[in-house]
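Structural characterization, general
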Amino acid sequence: MSYTEATLQVLSPQGTLVENDATAPYLPWIAKLDDARLQDFYRQMVIIRRFDIEAGNLQRQGQLALWIPSLGQEGAQVGSGYAAKAQDHIFPAYREHVVGRIRGLDPMKIIEMLRGLSHGGWVPAETGNFHLYTLVIGSQSLHATGYAMGLQFDGVTATGDPETDAAVLVYYGDGATSQGDVSEAFVFAASYQTPQVFFLQNNHWAISVPVERQSRTPLYLRSTGFGIPSVQIDGNDVLASYATTAQALDDARSGRGPGFIEALTYRMGAHTSSDDPSKYRDAEELTFWSERDPIVRYEAFLRAKGEGDAFFADVATEAEDVAADMRVRTNGLGVPPASKMFTNVYTDAHAGVDAQAAWLSAYEASYDTADGDRA
Amino acid sequence: MTAAKTKTAPAAKTPPAAKTPPATKSAAPVVPAVESLTLAKAINSGLRAAMAADPKVLMMGEDIGTLGGVFTVTDGLKAEFGDKRVLDTPLAESGIIGTAIGLAMRGYRPVCEIQFDGFIYPGFDQITSQLAKLTYRHEGSQSFPVVIRVPYGGHIGAVEHHQESPEAYFAHTAGLRVISPATPHDGYWMIQEAIASNDPVMFFEPKSRYWQRGDVDRGASGIELHRSRVIRTGTEVTVVGHGAMVSVLLQAAEIAAGEGTSLEVIDLRSLSPIDYEPILASVQKTGRLIVAQEAPGNVSVGSEIAATVAERAFYSLEAPVLRVSGFDTPFPPAKLEGAYLPDADRVLEAVDRSLAY
């Protein structure tokens, strides 16, 4: 399953703007972007790709228990991530590292999680409303819908002011479309007309299972039976991702109900560091998508607009710095005390957990010797 | 002693009301401070009080709005508070729990009704993998005060999936609190305390007791949420249960008393955490313990109590802790439920075995 006649492309693989009837409604969104924001798109894509490679290396060196690469999906993620406004809430799956970075999350929180130091633990109110990762496939779709219902009940959406009205953006993948929760989220979202955008990154593989096993029809059609309008885009086109998400979010925040975007992209790397894609996919497919790399085409676009070598060199340097900084900080991470496992199981005091925490503390203390070593 | 000669149905009378101080007139100016209510009406009254006290409290579920719930527990709430606070949701349990989680993130305190016990499993993943673990995942920056009301248990002659007792699944899951009221007084108070809790609470309502009356004292609950309570004192054998089983235990105690045996009855009230102190104190006095439940015995709340009492009161025990429970079968067709569900005779049979040691 690849591009269809319906696939919206704003930026061709050669890096030229596509101007036709289909793109016409979206081009004004691009026209409104200033040079600094256009640079941001590139910078974030390049930095996260470098970060991604570094994290993969650290996993191979035993510094991370797991790494989840986003290689190849930078266009879909950066465009949609920048489309959200400050007041919006974002519910990621677990591969949207750069969206978190755009919203203000220190990606070290992701590193800590995949090193085995936390289950996430960042504070969405301090990370641009970028909520925690959800590893059970598709579960977050319902949380997002409930949150969007709460926005409605609170009267902070559809007031007529798109600069302050809030909406919700939820990410998931092609595998998740088979989960019941995602369909139930469509049901609730359509029923309550939630201010919400469902953003599907169809990267064509759910670990080893091709998207054709999940659906016999293009996935962008999935929502229409629920009464939710959809658009299919070239997910490796950062501008299409930005413009369609911005439009759908504005529709949502303006009281026009939920929307659905299928971004056709490709997982260039493995599902995770535990996966070996050479066992199930062929080189031709990889080549096809390599020729549609989101960064390559966007660099061509920027160069055609007049961006010079200095900018690209600066970004490359910044990416190296971010990766180096991440390596240093990763190597400096300690291990939390065992007492952390008992903390925040509940919000209010809980006799059973408290008793077990006290027991473990006493047990560990029983090993202590005068010189501080275990006997 | 011997078991009662004839099989006995669960007692129609409600257990004695809690020993609470009489309420003052000022405590409840509109309704009498102490009023006789059915369990269903008492929970309804508690829900109404919670909704009136906190605008963030929402009701969600299937048929809970216009219809007022299939057991009428939410009767009248939609008319009083509107359809933005009493939501007749689409028919999807995972959707109900999952969206309640999102609403909790937004600062709401959703109260979800699962229509019948056996329909909770479509929502099981959202309850156990999400709701129960999200406070932990957030490292405490976000609380999830969601209450899930579950009419549970047998005695109503209903079809498959309508008479089950699934509480052990949830008591096994860290992050959840699990409670079950046996009386209208506890129904009124415990539902409000569950809603006030900052943690997820599974609230198991003994549906066979919905229509039994009891005095509700609106002045004071008289006991903390997670405390178990001795509701009949005795000297020879301690019997423990929750929900609908409590009335069976009281009935058994009455029969046993007539035959000269003194049972001490404890209403568990909280299944997670379990309040062991009253149980241990009782066992230290009687030396014998029987744990009764409608749920299957295998890997159950009763199993956990038996193991814990064996660990913590071994030298007080004169006999092994015995379990009286549903059998390790699916809940049978309704015409067989009389043989499946523990009644006073099954409890007394266990009393005999305990005393024979």
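Throughout this document, residue positions are counted from 1 along each chain, in the order its sequence is written. Each chain is given a letter, starting from A, and each ligand a number, starting from 1, according to the order in which they appear as written. Two thresholds apply to this predicted model, a pLDDT of at least 70 for residue-level local features and 80 or more for giving and counting side-chain atom pairs, whereas whole-chain, interface and lining totals are computed over all residues.

Observations regarding the overall build of chain A
Short version of the rule: Elements are defined by DSSP. Helices are runs of H or I of four residues or more, strands are runs of E of two residues or more, and each kind is numbered from the N terminus. With the radius of gyration taken over C-alpha atoms, the globule rule is written as 2.2 Å times the number of residues to the power 0.38. This entry defines residue contacts through backbone-placed C-beta atoms, with two residues in contact when those atoms are within 7 Å.
Summing up its helical and strand segments, chain A has 13 helices and seven strands in all. The globule rule puts the C-alpha radius of gyration for 375 residues at 21 Å, and the 22 Å found for chain A is close to it. In terms of its C-alpha atoms, chain A occupies a principal-axis envelope of roughly 80 × 50 × 40 Å. The long-range fraction of contacts in chain A, counting pairs at least 24 apart against all pairs at least 6 apart in sequence, stands at 77%.

Looking at the overall build of chain B
Heads up, the rule is: Partly exposed residues are those whose C-beta has more than 12 but fewer than 20 other C-beta atoms within 10 Å; 20 or more makes a residue buried and 12 or fewer makes it exposed, with C-beta atoms placed from the backbone.
Within chain B, the secondary structure is distributed over 11 helices and 14 strands. Taking 357 residues into account, the globule formula puts the C-alpha radius of gyration at 21 Å, and chain B, at 20 Å, falls close to it. Referenced to the eigenvectors of the C-alpha coordinate spread, the extents of chain B come out at roughly 60 × 45 × 40 Å. Buried residues in chain B amount to 58% of all 357 residues. If you take every contact in chain B between residues at least 6 apart in sequence, the share linking residues at least 24 apart comes to 81%.

Thoughts on the interface of chain A and chain B
How we decide: Under the grouping applied here, Gly and all other residues not named as nonpolar or charged are polar, the nonpolar ones being Ala, Val, Leu, Ile, Met, Phe, Trp, Tyr, Cys and Pro and the charged ones Asp, Glu, Lys and Arg.
Listed by partner, the interface residues are 33 residues for chain A and 32 residues for chain B. Listed by contribution, the elements that provide at least two residues to the side of chain A that touches chain B are helix 6 (139-154), helix 7 (180-192) and helix 13 (351-365) of chain A. Within the side of chain A that touches chain B, the residues separate by chemical class into 13 nonpolar, 16 polar and four charged.

Section: the environment of Ser366 of chain A
Residue and element names in this part refer to chain A. Tracing the backbone through its elements, the reader meets Ser366 in the segment after helix 13. Classification of Ser366 by C-beta neighbours within 10 Å gives exposed; the count is 9. Taking the C-alpha atoms as reference, Ser366 lies 63 Å from Gly225; in sequence the two are 141 residues apart.

Remarks on unusual backbone geometry
Cis peptide bonds are those with omega within 30 degrees of zero, and the linkage from Ser272 of chain B to Pro273 of chain B qualifies with 0°. Mapped onto the elements of the fold, Pro273 of chain B is located in the loop between strand 12 (270-272) and helix 8 (277-286). We note that Ala158 of chain A has phi near 55°; this positive angle belongs to a residue other than glycine. By the secondary structure assignment, Ala158 of chain A is in the loop between helix 6 and strand 2 (168-173).

Digging into the domain arrangement of chain A
Selection criterion: For every domain, the bounds stem from an assignment made automatically or drawn from a database.
Along its sequence, chain A is organised into domain 1 (27-331) and domain 2 (337-375). Averaged C-alpha coordinates put domain 1 of chain A and domain 2 of chain A at centres separated by 39 Å.

Examining the sheet that holds strand 12 of chain B
Residue and element names in this part refer to chain B. For clarity, the threshold we go by: Strand pairing follows a simple DSSP-based rule, namely that at least 2 bridges must link the two strands. Only the stretch in contact is used when fitting a helix axis, every axis being a line fitted to C-alpha atoms; angles between N-to-C directions are given from 0 to 180 degrees.
Taken in spatial order, the seven strands of this open sheet run 3-2-4-5-7-6-12, and their pairing is mixed. What marks the edges here is a single partner per strand, and that holds for strand 3 (86-88) and strand 12. Pairs of neighbouring strands in the sheet enclose a mean axial angle of 20°, with direction left out of account. Sitting on the sheet, helix 6 (residues 184-196) touches strand 2 (57-61), strand 4 (109-113), strand 5 (147-152), strand 6 (177-179) and strand 7 (201-206), and the angle it makes with strand 7 is about 165°.

Topic: the packing of helix 2 (residues 35-60) of chain A against helix 11 (residues 294-305) of chain A
Residues and elements named next belong to chain A. For clarity, the threshold we go by: Between 65 and 115 degrees an angle is taken as roughly perpendicular, under 35 as roughly parallel, over 145 as roughly antiparallel, and anywhere else as oblique. Crossing handedness follows the turn of the near helix against the far one: under a right angle anticlockwise gives a left-handed crossing, and clockwise gives a right-handed one.
Two elements in contact, helix 2 and helix 11, have axes whose closest approach is 10 Å; the angle formed by their N-to-C orientations is 150°. Considering their axes alone, helix 2 and helix 11 lie roughly antiparallel with respect to each other. Our pair here, helix 2 against helix 11, has a crossing hand that is left-handed. Seen from helix 2, the contacting residues are Leu38, Phe41, Tyr42, Met45, Val46 and Arg49; seen from helix 11, they are Pro294, Ile295, Tyr298, Glu299 and Leu302. When its residues are assigned to classes, the contact of helix 2 with helix 11 shows nine nonpolar, no polar and two charged.

Some details on the environment of Arg109 of chain B
Residues and elements named next belong to chain B. Mapping Arg109 onto the fold places it in strand 4. Linking Arg109 and Asp54, residues 55 residues apart in sequence, is a C-alpha distance of 8.9 Å. Discounting chain neighbours no more than four positions away, the residues touching Arg109 are Asp54, Lys56, Val57, Pro145 and Ile195.

Some remarks on the sheet that holds strand 13 (residues 289-296) of chain B
All names here are of chain B. Spatially, 9-11-10-13-14 is the arrangement adopted by the five strands of the open sheet, whose pairing is mixed. With one partner strand each, in any of the chains shown, strand 9 (229-232) and strand 14 (322-326) form the two edges of the open sheet. For this sheet the average axis-to-axis angle between neighbouring strands, irrespective of direction, equals 30°. Direction of pairing for strand 13 relative to strand 14: parallel, over a ladder of four bridges. Pairing of Val291 across the sheet is with Arg323, part of strand 14. On top of the sheet, helix 7 (residues 245-258) reaches strand 9, strand 10 (237-241), strand 11 (263-267) and strand 13; it is set at about 170° to strand 11, its chief contact.

Focus on helix 6 of chain B
All names here are of chain B. Filter applied, for reference: Given the number of residues in a helix, its expected span is that number minus one, multiplied by 1.5 Å.
In a regular helix each residue adds 1.5 Å, so 13 residues correspond to 18 Å; helix 6 covers 18 Å between its end C-alpha atoms and thus fits that length. The element helix 6 is extensively covered by neighbouring structure, given that 12 of its 13 residues are classed as buried. The complete set of buried residues in helix 6 reads Pro184, His185, Asp186, Gly187, Tyr188, Trp189, Met190, Ile191, Gln192, Glu193, Ala194 and Ile195.

Some remarks on the confidence of the model for chain B
All names here are of chain B. As a reminder of what qualifies: How sure the predictor is of each residue is captured by pLDDT, a score from 0 to 100.
Across chain B, the average pLDDT comes to 93, with 91% of residues at or above 70. Here residues 1-25 is a poorly scored stretch, pLDDT under 50, and it has 66 contacts once near neighbours within four places are set aside; other chains count. Confidence metrics for the complex model read pTM 0.94 and ipTM 0.96.

Some remarks on the domain arrangement of chain B
Where interface size is quoted, it is often the accessible area lost as the parts come together. Residues and elements named next belong to chain B. Looking at chain B, the domain boundaries give domain 1 (37-217) and domain 2 (229-355). Averaged C-alpha coordinates put domain 1 and domain 2 at centres separated by 26 Å. At the interface, 22 residues of domain 1 touch 21 residues of domain 2. Elements that contribute at least two residues to the side of domain 1 that touches domain 2 include exactly helix 5 (167-171), strand 6 and strand 7. Among the residues making up the side of domain 1 that touches domain 2, the classes are represented as nine nonpolar, eight polar and five charged.

Regarding the packing of helix 3 (residues 74-83) of chain A against helix 9 (residues 238-253) of chain A
All names here are of chain A. Closest axis-to-axis distance for the helix 3/helix 9 pair is 7 Å, and the angle between their directions is 35°. Relative to helix 9, helix 3 is oriented so that their crossing is right-handed. Between helix 3 and helix 9, the residues in contact are Gly75, Ala76, Val78, Gly79, Ser80, Tyr82 and Ala83 and Val238, Leu239, Ala240, Ser241, Tyr242, Thr245, Ala246 and Leu249, respectively. When its residues are assigned to classes, the contact of helix 3 with helix 9 shows 10 nonpolar, five polar and no charged.

A word on the pairing of strand 2 of chain A
Strand residues, when the strand is regular, have side chains that alternate between the two faces of the sheet. All names here are of chain A. The condition that has to hold: With its strands directed away from the observer, a crossover is right-handed exactly when the path from the first strand over the helix to the second travels clockwise.
Counting buried residues along strand 2, six of its six residues qualify, which places the element largely inside the surrounding structure. By the alternation rule, side chains of strand 2 split into Val168, Val170 and Tyr172 and Leu169, Tyr171 and Gly173, which are all buried. Note: strand 1 (residues 89-91) against strand 2, three bridges, orientation parallel. Across the sheet, Phe91 pairs through a bridge with Val170, a residue of strand 2. Two strands pair when backbone bridges link them, and strand 2 and strand 3 (residues 196-202) are joined in this way by six bridges, in the parallel orientation. Note on strand 3: the bridge partner recorded for Leu169 is Val197. Running through helix 7, the crossover from strand 2 to the neighbouring parallel element strand 3 is right-handed.

Describing the pairing of strand 3 of chain A
Residue and element names in this part refer to chain A. Among the seven residues in strand 3, seven count as buried, and that is most of the element. What you see with strand 3 is no split at all: Gln196, Phe198, Leu200 and Asn202 on one side and Val197, Phe199 and Gln201 on the other are buried throughout. Pairing of strand 3 with strand 7 (residues 259-264), which is carried by six bridges, proceeds in the parallel orientation. Residue pairing across strands places Gln201 opposite Ala263, the latter belonging to strand 7.

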